[in-house]
Protein chains: 2
Amino acid sequence: MSDPDAPLPTDAELSILRVLWREGPSTVREVLAHIDDAGYTTVLKQLQIMRDKGLVTRDESSRAHVYAAAVQAASTEKRLVDDLLDRAFGGSARRLVAHAIAGDSVSDEEIGAIRDLLDSVQSDDSDDGPDDS
Amino acid sequence: MSDPDAPLPTDAELSILRVLWREGPSTVREVLAHIDDAGYTTVLKQLQIMRDKGLVTRDESSRAHVYAAAVQAASTEKRLVDDLLDRAFGGSARRLVAHAIAGDSVSDEEIGAIRDLLDSVQSDDSDDGPDDS
DNA sequence: CTTGACATACGAAGGCATTCGTAGTATCAT
DNA sequence: ATGATACTACGAATGCCTTCGTATGTCAAG
């Protein structure tokens, strides 16, 4: 249920993955349209590298190959958070969360939503978070 | 009150900064004692580079120079979290926190502490978090 | 068939992070 | 004084990330 082997995406790779997660399988040109300040062959090369790494797959049936994310957004995001958790906070989720919610840009609405998350985590673990606005 | 100019620390740099934050001003050898799998000159070189970047300062009055963090733990951690927030979550603190607390290793005690943090952020902003166990 | 548009493949360059060897220098005990 | 010890400075190698230029291939229209 996770993505065992593929490495953590780098910066540029994550930008591309986020496009694929949001837009679904896409050609190089389609990905390019959602990335700022990048040349065509740059995105192409990145996707080729990402394919080697197992981060994306591609469908070659059309002339313009169609790339799709080979790793799930949720598990990848989780690993990125865990990585930072280890590197900067010694594994203390509380200290990381403290910084995440300390920002000026966190609305009371968000705070409320996070509170709901805490409820669902602490009590039971039936299914995932309430929703995803 | 923040650390304007110094860049975000890299991986190895963060490891060293965390030692300095925890142990206070230290010599190369003292830092080395808290780092796993690193040679003496490696740590030395890192500290020299970090000095060039403005991440640490050093006191040369003793033969063994004493290095001290030049950036605050809190603001650096905040910037690291904000960086991940931007790169992976489009700025949504809720989505980041969801992953941070979803871990199996987050105790109910931690959950409670995070809930307290939410209270202090949402309602008043008199002074900082309750404590730091 | 030729041409133009568009696609992929590949190599290479530049930059940064990380590591470590070597050389030079100061300190101290004998 | 001298040799051992500990420290700093510096250069260089390695590897990864990112970018882009160039070569090559394919397809459709004239």
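Residues numbered from 1 in each chain as written. Chains lettered and ligands numbered in written order. Predicted model: local features only at pLDDT ≥ 70, side-chain atom pairs only at ≥ 80, totals over all residues. Heavy atoms only, no water.

With respect to the protein's contact with DNA strand C
Around DNA strand C, the structure places 22 residues, and the nearest of them are R29, Y40, Q48 and R58 of chain A together with T10 of chain B. Close to the protein, within 4 Å, the atoms of DNA strand C are drawn from sugar and phosphate at a rate of 67%. One of the side-chain N or O atoms of R63 of chain A is found 3.2 Å from a base oxygen in DNA strand C. Contributions of two or more residues to the surface near DNA strand C are made by α2 (28–32) and α3 (40–53) of chain A together with α1 (11–23) and α3 (40–53) of chain B. The dominant element in the surface near DNA strand C, judged by the number of residues it contributes, is α3 of chain B, at 6 residues. Taken together, the residues that form the surface near DNA strand C break down as 6 nonpolar, 8 polar and 8 charged. (Near = heavy atom within 4 Å. Polar contact = N/O pair within 3.5 Å; in protein donor to acceptor, adjacent residues only side chain to side chain. Helix = DSSP H or I, 4+ residues; strand = E, 2+ residues; numbered from the N terminus. Nonpolar A, V, L, I, M, F, W, Y, C, P; charged D, E, K, R; others polar.)

Considering the interface of chain A and chain B
On the side of chain B, 41 residues touch chain A, which itself brings 41 residues to the contact. Summed over both partners, the interface of chain A with chain B buries about 4200 Å², with 61% contributed by carbon and sulfur atoms. Along the contact surface separating chain A from chain B lie 8 salt bridges. Here R115 of chain A and D119 of chain B are joined by a salt bridge, their closest N and O atoms 2.7 Å apart. Put simply, the parts of the chain that give the side of chain A that touches chain B at least two residues each are α1 (11–23), α4 (73–89), α5 (93–102) and α6 (108–122) of chain A. If you tally residues by element for the side of chain A that touches chain B, the top one is α6 of chain A, at 11 residues. (Contact = heavy atoms within 4.5 Å. Buried area = accessible area lost by both parts, 1.4 Å probe. Salt bridge = Lys/Arg side-chain N within 4 Å of Asp/Glu carboxyl O.)

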